[in-house]
Amino acid sequence: MDKFDVIIAGAGTGGSLAAKTVAEAGLNACFLDIKKETDIGRKICGDAIGKHHFSNLGLKEPSSDEIEGIMEGIEIYSPDKKTSYVVKGDQLYGFVLNRYRFGQRLVSEAKSAGAILYDQTQAIEPLVEGGRVCGVKTKNLKTKSEETLRSSLVIEATGFTAALRKKLPPNLGIDLTVDNQDVEACYREIRLLTHSLDNRSLCQIYLNQKTTPGGYYWVFPRKGNKVNVGLGVAMVEGFPKPKERLYQHVLSQPLFTDSSVVDKGAWYVPTRRPLNSMVGDGVMVVGDAACQVNPIHGGGIGPSMIGGKLAGETALKALEKGDLSREGLWEYNIRYISDYGAKQAGLEVFRILLQNVGDEDLNYGMRYRLLTEEDLLKVSLGEDIRFSITEKARRVFKGLKNISFLRKLKNAAKLIREAKNWYKAYPSSPADFENWRTRTEDLFRRAVGQFAA
Ligand SMILES: Cc1cc2nc3c(=O)[nH]c(=O)nc-3n(C[C@H](O)[C@H](O)[C@H](O)COP(=O)(O)OP(=O)(O)OC[C@H]3O[C@@H](n4cnc5c(N)ncnc54)[C@H](O)[C@@H]3O)c2cc1C
């Protein structure tokens, strides 16, 4: 039976970064994936990522064969398509990736650093002894045999399936489930168009609650007249089938006439704040399994890599100290949640607002600029939106016909600030956690209550 310092379950973007980080530090690590090595990186995704993530993570930028397009900003359309905002900025400049090649590169970097890859190996459940996680029960898909891998620490990075997180003992303090209303069911295709797009440098996002309740659809340009086109809908009761919606409302548009399918598939993405706690005795959770995704646009490649790196760095310190308890791993919670988590928390409030304003309000709000490009940029960066007095007066005047939307916007700005500040003050030890969790849940209940139509 093997014994590792760290086992990472899942070799996606989060898991590979965690594996690379711990292996570079000299730890004895393995990472395992249900897929064959040559298939890792094949992921249903919009493939867009901000360039800033690479400098922040100290990660080499994607090479030309890992890039399908350059993103100079985002163009957001109102539901009636009569208004569109182009939102640009350093944080929105980035790449549309060749997700497969990028995924393969991350795996290869983790292996070069010394992490051992077990491919075609399914993580079945955590190995729990004496109330702490001390390995993973796996199934080798080549030999069909069940095996147990032992380690001092397990990093759960199996993506949305959260194969291990869902089976953790509840008393470890990690939430086992995520509400469906906080998940987007998505379907996307990569399509070859018969002609070139007018603007190849903007990723387009279309808001429309009737077509995509609780979500949006997107068209992201790729090399050679290809686009990544897809949509997501919130998984609330009776939600429509994303594939049907895409075919009925998007692929029926003239842009797609005579286009052909290059790749297709459906998957899910959590669009909420991170898990309240992502650590327990002997275990940490990263990436989609920990809900490390931007709740507005569903971008999770960057945050999953942040999570992977921070988890890896925390693992190293905890092993050096010989304390792999919840308390010993708590620093990972603090570093992720009080920083990127605070941004996610603010954006979740904004998501709840957007999901609860009707198409008419959004058409009106965008046409009369009650909500501006600058506001959207600030929100997307996790900055505060504050209306100056004169600006407020100007907007109130324009918004007289639509005072309830204006009131919701103002309330949202306040609640976004509150959520962010609350997350920045994440408890410094598990002792204060239960109080923090209770007040967090209350804050998000209030958000739902305030904005519900
Ligand atoms: C339709 C769609 C569009 C998206 N668009 C974007 C976008 O444009 N930009 C962006 O940044 N993000 C986007 N995302 C989100 C992004 O894809 C994820 O947030 C990100 O990939 C999460 O990384 P991860 O490492 O946590 O999970 P994953 O990348 O899903 O990796 C998990 C790995 O675990 C493996 N695995 C799963 N179960 C097991 C098991 N039981 N045992 C062993 N291995 C297992 C999988 O094979 C996989 O390799 C999108 C998501 C969807 C669904």
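This section reports on the structure supplied with the text. Keep in mind that what you see is a predicted model, and the values were worked out from it rather than measured. (Residues numbered from 1 in each chain as written. Predicted model: local features only at pLDDT ≥ 70, side-chain atom pairs only at ≥ 80, totals over all residues.)

## Details of the sheet that holds strand β6 (residues 84-87)
Then, in step 1: In spatial order, the strands read β6-β5-β13-β14-β15-β12-β16; together these 7 strands make up an open sheet with mixed pairing. Two strands in the sheet have a free side with no partner beyond their single neighbour: β6 and β16 (260-270). Direction aside, neighbouring strands of the sheet carry axes that sit 15° apart on average.
Then, in step 2: With 10 bridges joining them, strand β12 (residues 183-192) and β16 adopt antiparallel strand pairing. Looking at the pairing, Cys186 lines up with Trp267 of β16.
Then, in step 3: This element, helix α4 (residues 242-250), spans β12, β14 (216-222), β15 (226-234) and β16 of the sheet and lies at about 125° to β15. (Pairing = 2+ DSSP bridges. Helix = DSSP H or I, 4+ residues; strand = E, 2+ residues; numbered from the N terminus. Axes fitted to C-alpha atoms, helices over the stretch in contact; angles between N-to-C directions. Contact = placed C-beta atoms within 7 Å.)

## Describing the pairing of strand β9 (residues 121-129)
Then, in step 1: Note: β9 against strand β10 (residues 132-140), 8 bridges, orientation antiparallel. Across the sheet, residue Pro126 finds its bridge partner in β10, namely Val136.
Then, in step 2: Adjacent in sequence and paired antiparallel, β9 and β10 are bridged by 2 residues, among which Gly130 carries a positive phi angle near 60°.

## Side note on the environment of Leu164
Then, in step 1: Checked against the element boundaries, Leu164 lands in the loop between β11 (146-156) and β12.
Then, in step 2: The buried category is assigned to Leu164, around which 26 C-beta atoms lie within 10 Å.
Then, in step 3: Each C-alpha atom of the pair Leu164 and Glu331 lies 21 Å from the other, and the pair is 167 residues apart in sequence.
Then, in step 4: Leave out the neighbours within four places in its chain, and Leu164 touches Ala9, Ala123, Glu125, Pro126, Val136, Val154, Glu156 and Thr158. (Buried ≥ 20, exposed ≤ 12 C-beta atoms within 10 Å, placed from the backbone.)

## Quick notes on the sheet that holds strand β3 (residues 48-50)
Then, in step 1: Reading across the sheet, the 3 strands line up as β3-β7-β4 and stay open at both edges, with antiparallel pairing between neighbours. Single-partner strands in this sheet number two, and they are β3 and β4 (67-71). On average, each strand axis in the sheet is tilted by 30° relative to the strand beside it, whichever way the strands run.

## Here's the deal with the pairing of strand β7 (residues 94-97)
Then, in step 1: In this sheet, β7 lies alongside β3 in antiparallel orientation, the contact comprising 3 bridges. In the sheet register, Ile49 faces β7, and the bridge partner there is Phe95.
Then, in step 2: Pairing of β4 with β7 involves 4 bridges; the strand directions are antiparallel. Following the sheet pairing, Gly69 is matched in β7 by Val96.

## Re the environment of Ala23
Then, in step 1: Considering the arrangement of structural elements, one finds Ala23 in helix α1 (residues 13-24).
Then, in step 2: Using a count of 25 C-beta atoms within 10 Å as the deciding quantity, one classes Ala23 as buried.
Then, in step 3: Separated by 205 residues in the primary sequence, Ala23 and Asn228 place their C-alpha atoms 34 Å from one another.
Then, in step 4: For Ala23, the residues in contact, after removing those within four places along its chain, are Ala29, Ala110, Ala113, Gly114 and Ala115.

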